[in-house]
Amino acid sequence: MPFNGEKQCVGEDQPSDSDSSRFSESMASLSDYECSRQSFTSDSSSKSSSPASTSPPRVVTFDEVMAAARNLSNMTLAHEIAVNENFQLKQEALPENSLAGRVKHIVHQAFWDVLASELNADPPEFEHAIKLFEEIREILLSFLTPGGNRLHNQICEVLDTDLIRQQAEHGAVDIQGLANYVISTMGKLCAPVRDNNIRELKATGNIVEVLRQIFHVLDLMKMDMANFTIMSLRPHLQRQLVEYERTKFQEILEETPSALDQTTEWIKESVNEELFSLSESALTPGAENTSKPSLSPTLVLNNSYLKLLQWDYQKKELPETLMTDGARLQELTEKLNQLKVIACLSLITNNMVGAITEGLPEFANRLKRISAVLLEGMNKETFNLKEVLNSIGVQTCVEINKTLMERGLPTLNAEIQANLIGQFSNIEEEDNPIWSLIDKRIKLYMKSLLCLPSPQKCMPPMPGGLAVIQQELEALGSQYANIVNLNKQVYGPFYANILRKLLFSEEAKGKADASPPTN
């Protein structure tokens with residue numbers, strides 16, 4: 001899978017070559033100088049995909065909103081199952097001291113206390129116990145495959161509630177024997193991970209506790225079955241994911257026409273930045289003004305994707321087309337910020353004491369591990385980065401002095417140590433030159449990943465100063481590029497429609513604004 005933590009080749013395991021070609025065709029229709037402007041102003045794109053419309057706003061009904069919400073929920077779930085190998089359903093456990101947890105415990109305990117009193121009565125009352133066996137029978141039958149007719153008939157025969165009631169009326173029902181049969185059948189149907197639970201059930205003597213634990217283990221087995229079904233469906237979802245997501249999003253767009261507003265603004269921001277860059281280049285002394293380069297749709301879209309690595313996920317809303325990958329992108333951004341700090345610390349250390357630590361790769365790795373541990377959770381609002389950077393500086397000086405003493409060399413003097421700690425602490429300051437340099441080189445590396453053809457079998461060269469984080473950055477870059485490539489395949493036609501409306505009209509406006517006034 002492309003989204004696990006291992007280092008992988010960018011763009012591998014994408015759903016299909018045909019889906020890649022669809023995006024390529026969509027973007028090729030926007031390539032510079034290959035299409036006339038008439039093709040970009042035509043109404044060939046669907047009205048629902050258009051980012052702007054001259055028609056009056058349509059009133060959206062409650063049913064349409066709910067239909068769009070269901071489509072989004074289904075699309076998100078399918079996307080998560082397909083791209084996340086670790087996706088599993090888990091039982092929701094209420095906090096022990098919560099009101100809901102206490103109420104649940106009291107109600108359940110009261111039920112089992114009533115059952116115990118009925119079974120211990122003289123004569124015993126079996127009605128509640130029979131209803132429990134009826135429910136157990138239905139759960140066991142739900143675990144069977146279509147071909148399990150023999151076991152199906154056996155379960156129905158042994159747990160025949162009408163027969164059990166007749167036996168109870170004549171005082172001949174064997175509740176313990178029925179429970180033993182249920183436990184034996186559960187042992188045949190459960191996953192190996194539940195074998196210990198089955199052994200514990202067999203060792204339990206109290207019939208009420210046995211029934212209680214039977215339902216607990218059955219709940220676990222239902223969760224195991226659901227996760228097994230998810231695992232079985234994953235390969236099929238991966239093959240159909242691109243077409244499924246695109247279809248579902250089109251349905252959402254038809255129900256809520258404003259479902260591309262954030263995406264349009266996201267792309268428009270990159271268009272404006274590129275136009276500004278082109279206008280500055282045109283006004284640069286010595287630049288050729290006879291021919292002005294057109295904006296590249298692919299470049300605009302790649303720059304939009306690069307913005308996601310510096311996105312404020314707590315305060316800024318993601319584009320609609322990236323909502324399904326929001327959590328993964330946020331995690332990658334947080335990891336990348338940590339790697340940036342580690343690279344900055346390593347660069348400062350090498351500049352100041354590189355001659356001393358040269359030829360000691362284990363020393364550099366030890367400093368990286370120390371920094372990584374202390375920077376854990378640096379994206380939380382309560383994290384004091386300046387204080388932690390100061391602590392890393394102190395610990396780095398300790399490690400350097402320890403290494404110098406082992407080699408019989410004099411330790412760092414107080415002035416050098418203070419300078420090193422001070423430079424570490426200054427990393428968080430705005431426009432810090434070390435931070436700006438590392439940030440620029442990481443952007444260059446990520447941009448080169450997006451510019452490479454997909455699929456491709458090798459990683460781009462690592463810029464200077466990033467060797468200390470090369471392994472982590474390549475793994476992170478591979479995950480990031482795979483997210484982007486899959487997103488392009490799914491939403492390429494929607495992006496192409498947005499670019500048709502934005503790119504060339506904005507480009508024409510930008511050229512007009514950038515042209516020098518005539519006398």
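Structure first, text after, so check above.
In this text, all values refer to a predicted model and were calculated from it rather than measured experimentally.

Reading the values: the criteria
- Residues numbered from 1 in each chain as written.
- Predicted model: local features only at pLDDT ≥ 70, side-chain atom pairs only at ≥ 80, totals over all residues.
- Heavy atoms only, no water.
- Phe/Tyr/Trp six-rings, centres within 6.5 Å; stacked < 30°, edge-to-face > 60°.
- Helix = DSSP H or I, 4+ residues; strand = E, 2+ residues; numbered from the N terminus.
- Buried < 20%, exposed > 50% of the residue type's maximum accessible area, 1.4 Å probe, protein only.
- Lys NZ or Arg CZ within 6 Å of the ring centre and 35° of its normal.
- Expected span 1.5 Å × (residues − 1).
- Polar contact = N/O pair within 3.5 Å; in protein donor to acceptor, adjacent residues only side chain to side chain.
- Contact = heavy atoms within 4.5 Å.
- Salt bridge = Lys/Arg side-chain N within 4 Å of Asp/Glu carboxyl O.
- Core = buried A, V, L, I, M, F, W, Y, C linked by side-chain atoms within 4.5 Å.
- Patch = residues over 30% accessible without salt bridge, like charges linked within 9 Å, V, L, I, M, F, W, Y side chains within 5 Å.
- Areas by Shrake-Rupley, 256 points an atom, 1.4 Å probe, with all protein chains shown as cover.

1. A closer look at the packing of aromatic side chains
- Going through the model one piece at a time under the given rule, you end up with nine aromatic pairs.
- Where Y491 meets Y495, the ring centres are 6.4 Å apart and the plane angle is 50 degrees; that geometry is what we call tilted. Here Y491 pairs with Y495, and both are found in helix α18 (residues 470–514), just four residues apart, close to one helical turn.
- Y491 gets classed as buried once you look at its relative accessible area, which sits at 2%.
- An aromatic cluster of at least three residues, connected via ring pairs, comprises F249, W266, Y305, Y491, F494 and Y495.
- Directly above the aromatic system of W311 lies the positively charged group of K316, at a separation of 4.3 Å from the ring centroid.

2. Comments concerning helix α17 (residues 433–451)
- Taking 1.5 Å of rise per residue, the 19 residues of α17 would be expected to cover 27 Å, and the 27 Å separating its terminal C-alpha atoms lies within 8% of that figure.
- For α17, the N-terminal capping position is held by N432, with its side-chain oxygen 3.0 Å away from the main-chain nitrogen of I434.

3. Concerning unusual backbone geometry
- Geometrically, the link from D122 to P123 is a cis peptide bond, its omega value of 0 degrees lying close to zero.
- Tracing the backbone through its elements, the reader meets P123 in the loop between α4 (99–119) and α5 (127–142).
- Positive phi, close to 65 degrees, is recorded for D431, a residue that is not glycine.
- With respect to the secondary-structure elements, D431 resides in the loop between α16 (414–425) and α17.

4. Quick look at the side chain of T396
- Assignment of secondary structure puts T396 in helix α15 (residues 385–406).
- Setting aside its immediate chain neighbours within four residues, T396 contacts T349, L367, L420 and F424.

5. Notes on the pattern of salt bridges
- Evaluated as defined, the whole model comprises 14 salt bridges.
- One salt bridge in this structure joins E472 and K368, with 3.0 Å as the shortest N-O distance. Of this pair, E472 sits in helix α18 while K368 sits in helix α14 (residues 361–374); the two residues are 104 residues apart in sequence, bridging distant segments of the chain.
- Look at K368 and you get buried, because its relative accessible area is 16%.

6. Topic: the environment of V388
- Mapped onto the elements of the fold, V388 is located in helix α15.
- Setting aside residues up to four positions removed in sequence, V388 forms contacts with L374, L375 and F383.

7. Focus: helix α8 (residues 175–189)
- Over its 15 residues, α8 runs 21 Å from end to end, which matches the ideal 21 Å to within 8%, given 1.5 Å per residue.
- Those residues of α8 that fall on the buried side of the exposure criterion are I175, L178, A179, Y181, V182, I183, T185 and M186.
- Of the surrounding elements, those touching the buried residues of α8 are α5, α6 (149–158), α7 (161–169), α9 (195–203) and α10 (207–255).

8. Considering the nonpolar core
- I267, Y305, L308, M446, I469, L473 and Y480 are the most contacted members of the largest nonpolar core, which totals 79 residues.
- Counting residues per element, this core draws most heavily on α18, at 14 residues.
- Leave out the neighbours within four places in its chain, and L473 touches L336, L339, I442, Y445, M446, M462 and L466.
- The next biggest cluster of nonpolar side chains, apart from the first, holds 38 residues, and it includes L115, L119, F133 and I136.

9. Brief notes about the environment of N180
- Mapping N180 onto the fold places it in helix α8.
- It is 9.3 Å that separates the C-alpha atoms of N180 and V210, two residues lying 30 residues apart in sequence.

10. Focus on a nonpolar patch on the surface
- On the surface, L99, V103 and V107 cluster together into a nonpolar patch covering about 290 Å² of accessible area.
- Within the secondary structure, V103 sits in helix α4.

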